[in-house]
Amino acid sequence: MTGAPPLECLIVGGGPAGLMAAIYLARFRRRVCVVDAGASRAALIPRSHNVPGFVHGLSGAELIERMSAQLNELAVTRVEAEVTALQRHEHGFEASWNGRGHAAATVILACGIVDTHPPFAEWRAAVADGLLRYCPICDAFEATGRRIGVVGPLDRAAAKALFLRGYARDVTLLATGADDAKAATSELSEAGVGIVFAPELRLARRGGGVEADFADGRTAQFDIVYPAMGAEVRSQLAMALGADHTADGHLKVDDHQRTSIAGLYGIGDVVTDLHQISVAFGHAAIAACTIHNSLPPRFA
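Residues numbered from 1 in each chain as written. Predicted model: local features only at pLDDT ≥ 70, side-chain atom pairs only at ≥ 80, totals over all residues. Heavy atoms only, no water.

### Some remarks on the layout of surface pockets
- Its boundaries defined by the atoms lining it, the second largest pocket holds a volume of some 710 Å³.
- Forming the boundary of the second largest pocket are 24 residues, of which R156, K160, G230, D273 and H275 lie nearest the centre.
- Breaking the lining of the second largest pocket down by element, the ones donating at least two residues are β7 (113–115), α4 (136–139), α5 (154–164) and β15 (231–233).
- Top element by residues in the lining of the second largest pocket is α5. It accounts for 5 residues.
- Tallied by class, residues from the lining of the second largest pocket come to 13 nonpolar, 4 polar and 7 charged.
- Taken domain by domain, the lining of the second largest pocket gets at least three of its residues from each of domain 1 (7–114 + 230–294) and domain 2 (117–227). (1 Å grid on protein atoms, 1.4 Å probe; cavity = no way out; pocket = protein on both sides within 12 Å on 5 of 7 lines; lining within 4 Å. Points joined across faces, edges and corners; volume = space filled by probe spheres on them. Helix = DSSP H or I, 4+ residues; strand = E, 2+ residues; numbered from the N terminus. Nonpolar A, V, L, I, M, F, W, Y, C, P; charged D, E, K, R; others polar. Domains from an automatic or database assignment.)

Structural data, given as structure tokens:
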């Protein structure tokens, strides 16, 4: 253990959810620390148009930079590290990073998710250029009228393809599941969604768009591709404590963002598959207010 007084709240994750929670708690004059491993999913967003007040949108990196500047003004401690363990302690919790233990009365997990990427060697550059997109709720409006491909097993990709059909006539589902050819596809066909069974699909950049290369030598061209291949939920720290969670690893929380472990909170993508910055902000505000009210009063 370090000799510093216990934190009133440790926030694990420095994306929009974690930073917003830190802003609230700092303005409540609480001792708070943000520990971030530097792998925020939001940082990959080339431009978001769902953040209120930014008429022409802003990038995820710019949003994080602006929020970080706000935390600097509030003198919030931030550490670039990975929290490797979390356990119960007399002060509430003990978290480990950089080989040392740190005590905290409460903990907010804002660890997010890691997307499962399609077979696309240049996926990161394609995301930056808006060719590969993961959230149609966020940016399907900008894909209106384009040639759209949706990649993934049918059980994951069908709903996304149907949603995107509301924005474009040319939508094709590239089904990668081993047994997808045996699945019912009538709803997709009736909606005008093309279906190609492509378990050995490969993607590559071609001519300003994305080319799908199939095992039989055929190809198809798209302006934009949306993967629907699932994600890893970064909830391991909470699960190690026995926190309730769904089958896919999302933490179960109440309407105050409290997990089943007293003093442990979950916000943002780690608790929901509605991956929206505005949702993350709301979770953060709720959790921060609940934590502030749960701690001993702080008088001037």
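### Concerning the environment of R41
- With respect to the helices, strands and loops of the structure, R41 is situated in the loop between β2 (32–36) and α2 (60–73).
- When the C-alpha positions of R41 and Y167 are compared, they lie 25 Å apart, and in sequence the two are 126 residues distant.

### Observations concerning unusual backbone geometry
- A positive phi angle, near 65 degrees, is found at R29, a position not held by glycine.
- Mapping R29 onto the fold places it in the loop between α1 (16–27) and β2.
- Owing to a relative accessible area of 48%, R29 belongs among the partly exposed residues under this scheme.
- Backbone geometry at Q257 places phi at a positive 70 degrees, although glycine is not the residue there.
- Within the secondary structure layout, Q257 lies in the loop between α7 (236–240) and β16 (264–266). (Buried < 20%, exposed > 50% of the residue type's maximum accessible area, 1.4 Å probe, protein only.)

### Re the sheet that holds strand β11 (residues 202–206)
- Sheet architecture is open: 3 strands sit in the order β11-β12-β13, paired in antiparallel fashion. Sheet topology places β11 and β13 (219–222) at the edges, where each strand pairs with a single neighbour. On average, each strand axis in the sheet is tilted by 30 degrees relative to the strand beside it, whichever way the strands run. (Pairing = 2+ DSSP bridges. Axes fitted to C-alpha atoms, helices over the stretch in contact; angles between N-to-C directions.)

### Observations concerning the packing of aromatic side chains
- Applying the stated rule across the entire model yields 2 aromatic pairs.
- Arranged with centres 6.3 Å apart and planes meeting at 70 degrees, the rings of Y24 and F28 form a pair that is edge-to-face.
- Residue Y24 is classed as partly exposed on the basis of its relative accessible area of 31%.
- With relative accessibility at 24%, the residue F28 sits in the partly exposed group.
- With a centroid separation of 5.6 Å and 45 degrees between ring planes, the pair formed by F163 and Y167 is classed as tilted.
- Lying across the ring of F93, R88 places its NZ or CZ 4.5 Å from the centre. (Phe/Tyr/Trp six-rings, centres within 6.5 Å; stacked < 30°, edge-to-face > 60°. Lys NZ or Arg CZ within 6 Å of the ring centre and 35° of its normal.)

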